[in-house]
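# Reading the structure
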Amino acid sequence: MPEQAIILLVEDNQDDIDLTRKAFAKANLLNPLQVVKNGEEAINYLKGESPYANRVEYPLPDLLLLDLKLPGLNGFDVLRWVRQQPGLSGLRVVVLTASDKIRDVNLAYQLGANSFLVKPVDFEHFVEMSKTLKGYWLWMSKTPETSRPPKNAVNREKGGRSR
C-alpha cells in the first residue's frame, strides 16, 4: 500500500525540502517523509546509528530520493556505499538533483541509481513529478527486501573487530 512506504529524502537545501513537502502534499503523496541533510547523516540513518537507532522512529525507507550536491559525502558517495551493502543493495534510489550534466547522469546509473530526475524549477511541474513518483515507485513498483547492515559489519567498517 503506497501510504505505508517510507521515503528518505537526502537534501541539504531547506528551500528544496520545503518545496518537496508542499509538492508532495499537493500531489496527495502522503507517505511518511524522513529527511536528512547530508551524506553522512544518510549513511547513519541507513545503518541505524545514533541518532537514528530507533527503528520505529527511523524505519528503513522503501524509496531513497538522493540529491547529488551535498556537503561532505556527496550523493555519489552515498549511492556507492548503498550498493556495497548486502542488505541495502536492492534499495530503490532515485537521484533528484538540479544537475542535468550528462556525466552526472551516466555516473549515477553506473553506480546503481534506479532513476535520475532533474528537479523541476516550476512548482506545478514538481507536483506532476511527485504524482509520477507516487504512481510508479510507490504504487506500481514492488519494493525489494532490505535490511540494515549487521552491527558487526558496521564495527568492521570503522576498523573495529567483530566478536
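Everything in this summary refers to the structure shown in the same document. Fair warning: this is a prediction, and the values are worked out from it, not measured in the lab.

## Description of the packing of aromatic side chains
- Throughout the structure, instances matching the rule amount to 3 aromatic pairs.
- When the centroid spacing of 5.8 Å and the interplanar angle of 85 degrees are considered together, the rings of Tyr45 and Tyr58 count as edge-to-face. Remark: Tyr58 occurs in the loop between helix H2 (39-47) and strand E3 (63-66) and Tyr45 occurs in helix H2; sequence separation between them is 13 residues.
- A residue is classified by how much of its surface remains accessible, and Tyr58, at 17% relative accessible area, is buried.
- Each member of the aromatic cluster is reached from another via a ring pair, and the members are Tyr45, Tyr52 and Tyr58.

## Here we look at the sheet that holds strand E1 (residues 7-10)
- In spatial order, the strands read E2-E1-E3-E4-E5; together these 5 strands make up an open sheet with parallel pairing. Strands with a single pairing partner mark the edges of an open sheet, and in this sheet they are strand E2 (33-36) and strand E5 (115-118). Strand-to-strand twist across the sheet, computed as the mean angle between neighbouring axes with direction ignored, equals 20 degrees.
- One ladder, built from 4 bridges, connects E3 with strand E4 (residues 92-97); its direction is parallel.

## Some remarks on the side chain of Ser99
- Structurally, the position occupied by Ser99 is in the loop between E4 and helix H4 (102-110).
- At 3.2 Å, the side chain of Ser99 and the backbone nitrogen of Lys101 are in polar contact.
- Among residues more than four places away in sequence, those in contact with Ser99 are Lys69, Asp104, Phe116 and Val118.

## Let's talk about H4
- Listed in full, the buried residues belonging to H4 are Asp104, Val105 and Ala108. Down the axis, H4 shows its buried residues gathered within 100 degrees of arc, on one side only. Residues of H4 that are exposed and point over 90 degrees away from its buried face: Ile102, Arg103 and Gln110.
- On the buried face of H4, the contacting elements are helix H3 (75-84), E4 and E5.

## Side note on the nonpolar core
- Counting residues in hydrophobic clusters, the biggest one holds 29 residues, and the most contacted among them are Val10, Tyr45, Leu46, Leu64, Leu66 and Val82.
- Counting residues in hydrophobic clusters, the runner-up holds 19 residues, among them Ile17, Leu63, Leu96 and Leu133.

## With respect to the pattern of salt bridges
- What the rule picks out here adds up to 6 salt bridges.
- Glu124 serves as the salt-bridge partner of Lys26, at 2.9 Å between the closest nitrogen and oxygen. Remark: Glu124 occurs in helix H5 (residues 123-140) and Lys26 occurs in helix H1 (residues 14-26); sequence separation between them is 98 residues.
- The salt bridge partner of Asp77 is Arg80, with a shortest N-O separation of 3.3 Å. In this pair, Asp77 and Arg80 are both assigned in helix H3, 3 residues apart and thus about one turn of the helix distant.
- Taking the relative accessible area as the measure of exposure, Asp77 reaches 26% and is therefore partly exposed.
- One network of salt bridges, in which partners are shared, links Glu11, Asp16, Asp67 and Lys119.

## Topic: unusual backbone geometry
- Here the bond from Ser50 into Pro51 is cis, since omega is 5 degrees, no more than 30 degrees from zero.
- When you line up the elements, Pro51 lands in the loop between H2 and E3.
- Of note, Asn28 is a non-glycine position whose phi angle comes to about 60 degrees, a positive value.
- Checked against the element boundaries, Asn28 lands in the loop between H1 and E2.
- By relative accessible area, which is 44% here, Asn28 ends up partly exposed.

Cut-offs used in this document
- Residues numbered from 1 in each chain as written.
- Predicted model: local features only at pLDDT ≥ 70, side-chain atom pairs only at ≥ 80, totals over all residues.
- Heavy atoms only, no water.
- Phe/Tyr/Trp six-rings, centres within 6.5 Å; stacked < 30°, edge-to-face > 60°.
- Helix = DSSP H or I, 4+ residues; strand = E, 2+ residues; numbered from the N terminus.
- Buried < 20%, exposed > 50% of the residue type's maximum accessible area, 1.4 Å probe, protein only.
- Pairing = 2+ DSSP bridges.
- Axes fitted to C-alpha atoms, helices over the stretch in contact; angles between N-to-C directions.
- Polar contact = N/O pair within 3.5 Å; in protein donor to acceptor, adjacent residues only side chain to side chain.
- Contact = heavy atoms within 4.5 Å.
- Arc of directions from axis to C-beta.
- Core = buried A, V, L, I, M, F, W, Y, C linked by side-chain atoms within 4.5 Å.
- Salt bridge = Lys/Arg side-chain N within 4 Å of Asp/Glu carboxyl O.

Everything listed here is a matter of geometry and, on its own, says nothing about what the molecule does.
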